[in-house]
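# Residue-level structure breakdown
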Amino acid sequence: MTVTGGPRSVTLPGMAPSEPKAVLDARRFGRTPVVFIAGLGVCSLIALVALLAVVRGGRVPALAGLALALLPVLVVLAGILALDRFDPEPRALLAAMFGAGAGVAALIALAGYELHSGAITTPELGPHAGRVAGVTLTAAIGGALVAESAKGAVLLALFWFRRAEFNGVHDGVVYASVTGLGFALIANLYAYIEAERHGLVALASAFVLRGVLGPLWDPLFTSMIGIGVAYAAMRKGPRGYRAIGVGWAAAVALAALWNDAVAAGPGRLAVVYLILVAALAAVAALLVADRRRIMGLITGFLPGFVSSGALAEPDVAMLGSGHLRRLARQWARLHHSATGRRAMADYQLAATELALACERQRRDLMPPAAFARRREDMLGLMRAAVTVFRERRPPMPNPPWAPFGGSIFVPSASEHSGGHDDGTGQHRSAS
């Protein structure tokens, strides 16, 4: 995530005035609300079930191909947005990556159409799109090489121009997944349109193969490359570039297996499904490990900023626990309405960015001057969020992660009797 300019002056008792000149991209583009994600997923699933019933009954609308391609993509997109809530990426950049993936699929389909060849296209985009037969091993491998290389080029472009966007496996998987999802949308749409020309049975067969779990596979393939790119981005110089090649090879291998299985019998298709599900589970395990790594960075680096007026010791524990972070947002919403919840969400995002910046500086990936600016920007944002709670009247109750006091969000009892807090939960006399 990047930082952009924005004015706000903050002063807390016991500390010098601060003028943070930064606003999180999450604030500029808007953090995806949980209600929106849940609503999108539920509505898409309901509509998908309804469409399945329609197709099964033989009543296919004129735009069935578009609907069948779009609705499963929306379900997967809802999952990606939910995954991205911990350290959200700029939405405009995610939209650009989705569009780039869709553009890659369109170009591949156009090339296959003009050359009348399936050797450079995936089965969905080749001359046999919409039919389960007619896919040769050469076409399966050739299509995988072209498709994954093209999607990998999109990720490499992001790596080259916005390397700082990659802070770990999570970022690589998110950017790769939206790229693969854009590709899957166009590929499946093309396959369904072609299948409609051969009748309802062909359309139903194409949807069963490509619409039920198919939208997961293109993001999965591209995630192999995204993991390699993220690994390289967190290493100085060319030391991690080999990981990009390994990720690309894994993506091509998995994509070739899937392309070949489209025309295979049930036995081979079941084996390929098991392999792909195992790969998906491995990616999920890497994401869990990366989340724990970031939590470790928070609890490792942020205690050094306790004297900054942006947090106290109990708040470090809250920021380093997913459960306590959720409780903090609920506490803020309960006692300070939506304003408090937004302030707490901004606080948590800024703290996460601060820890990630410390890690990049430790790895010598960020120049000292850039790190100093980022550090002060994030501390300023955290102080601004803290002010929202400390200025509330009547005062906020002690939060669940500090039931006996000590959190930076709640002035101590001694402050109300004439003293003030030094920003770390320690009382100082007002005289």
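Note that the structure is a prediction, hence the values are computed from the model and not measured.

### Things to note about the overall build of the chain
The helix and strand tally for the chain stands at 14 helices and 4 strands. Counting over 431 residues, the chain shows a buried share of 51%. Long-range pairs, those at least 24 residues apart, make up 72% of the contacts in the chain between residues at least 6 apart in sequence.

### Things to note about unusual backbone geometry
Omega for the bond connecting R393 with P394 falls within 30 degrees of zero, at 0°, which places this linkage in the cis form. You can see P394 is positioned in the loop between α13 (368–390) and α14 (413–416). Positive phi, normally seen in glycine, also occurs at D364, with a value near 65°. D364 gets classed as partly exposed once you look at its relative accessible area, which sits at 46%.

### A look at the confidence of the model for the chain
For the chain, the average pLDDT comes to 78, and 74% of its residues sit at 70 or higher. pLDDT under 50 marks residues 2–32. Its contacts with residues more than four places away, or in other chains, come to 95 contacts. In the predicted structure, residues 419–431 sits below a pLDDT of 50 and forms 35 contacts with residues beyond four places in sequence or in another chain.

### Some thoughts on the packing of aromatic side chains
Evaluated as defined, the whole model comprises 11 aromatic pairs. Between W331 and W401 the ring centres are 5.3 Å apart and the planes differ by 80°, which places this aromatic pair in the edge-to-face class. Of the two residues, W331 sits in helix α12 (residues 322–362) while W401 sits in the loop between α13 and α14, which places them 70 residues apart along the sequence. Here W331 matches W401 in class, with each residue buried. Through successive ring pairs, a cluster of aromatic residues spans W331, Y347, F389, W401 and F409. Lying over the aromatic face of F183, K151 brings its terminal NZ or CZ to 4.5 Å of the ring centre. Seen from the ring of Y231, R235 lies directly overhead, with NZ or CZ sitting 3.8 Å from the centre.

### Considering a nonpolar patch on the surface
Together, L137, I141, L145, V146 and W248 make up a nonpolar patch on the protein surface, roughly 400 Å² of accessible area in all. Considering each element in turn, the nonpolar patch owes the most residues, 4 residues, to helix α5 (residues 137–161). Looking at the element boundaries, L145 is found in helix α5.

### Considering the packing of α5 against helix α9 (residues 241–261)
Where α5 meets α9, the closest approach of the two axes is 8 Å, and the angle between their N-to-C directions is 145°. Both α5 and α9 take part in a crossing whose hand is right-handed. Between α5 and α9, the residues in contact are L137, A140, I141, G143, A144, L145, E148, S149, L156 and F159 and Y241, I244, W248, A251, V252, A255, A256, N259 and D260, respectively. Of the residues in the contact of α5 with α9, the class split is 14 nonpolar, 3 polar and 2 charged.

### Remarks on the environment of R383
The topology assignment puts R383 in helix α13. A relative accessible area of 10% places R383 in the buried class. Separated by 72 residues in sequence, R383 and L311 have C-alpha atoms that sit 8.1 Å apart.

### Some words on the environment of G228
Positionally, G228 belongs in helix α8 (residues 214–233). With residues near it in sequence (within four places) discarded, G228 still touches G240, A243 and I244.

### Notes on the pattern of salt bridges
Counted according to the given criterion, the structure contains 10 salt bridges. A salt bridge links D218 to K151; the nearest nitrogen and oxygen atoms lie 3.1 Å apart. Residue D218 is found in helix α8, and its partner K151 is found in helix α5; the two are separated by 67 residues along the sequence. Of the two residues, D218 and K151, both sit in the buried class. E359 serves as the salt-bridge partner of R363, at 2.8 Å between the closest nitrogen and oxygen. You can call R363 partly exposed: its relative accessible area is 27%.

### Some details on the nonpolar core
Ranked by internal contacts, the top residues of the largest apolar core, which has 61 residues, are F166, Y175, W258 and L276. The dominant element in this core, judged by the number of residues it contributes, is helix α6 (residues 169–196), at 13 residues. One finds V316, L356, M378 and V386 within the second-largest nonpolar core, a separate group that totals 42 residues.

### Side note on the side chain of E148
Tracing the sequence through the fold places E148 in helix α5. Reaching out from E148, the side chain makes a polar contact with the side chain of K151 at a distance of 3.0 Å. Beyond its immediate sequence surroundings of up to four residues, E148 is in contact with D218, F221, T222, I225, W248, A251, V252 and A255.

The rules behind these values
- Residues numbered from 1 in each chain as written.
- Predicted model: local features only at pLDDT ≥ 70, side-chain atom pairs only at ≥ 80, totals over all residues.
- Heavy atoms only, no water.
- Helix = DSSP H or I, 4+ residues; strand = E, 2+ residues; numbered from the N terminus.
- Buried < 20%, exposed > 50% of the residue type's maximum accessible area, 1.4 Å probe, protein only.
- Contact = heavy atoms within 4.5 Å.
- pLDDT = per-residue confidence, 0-100.
- Phe/Tyr/Trp six-rings, centres within 6.5 Å; stacked < 30°, edge-to-face > 60°.
- Lys NZ or Arg CZ within 6 Å of the ring centre and 35° of its normal.
- Patch = residues over 30% accessible without salt bridge, like charges linked within 9 Å, V, L, I, M, F, W, Y side chains within 5 Å.
- Areas by Shrake-Rupley, 256 points an atom, 1.4 Å probe, with all protein chains shown as cover.
- Salt bridge = Lys/Arg side-chain N within 4 Å of Asp/Glu carboxyl O.
- Axes fitted to C-alpha atoms, helices over the stretch in contact; angles between N-to-C directions.
- Left-handed = near helix turned anticlockwise from the far one by under 90°.
- Nonpolar A, V, L, I, M, F, W, Y, C, P; charged D, E, K, R; others polar.
- Core = buried A, V, L, I, M, F, W, Y, C linked by side-chain atoms within 4.5 Å.
- Polar contact = N/O pair within 3.5 Å; in protein donor to acceptor, adjacent residues only side chain to side chain.

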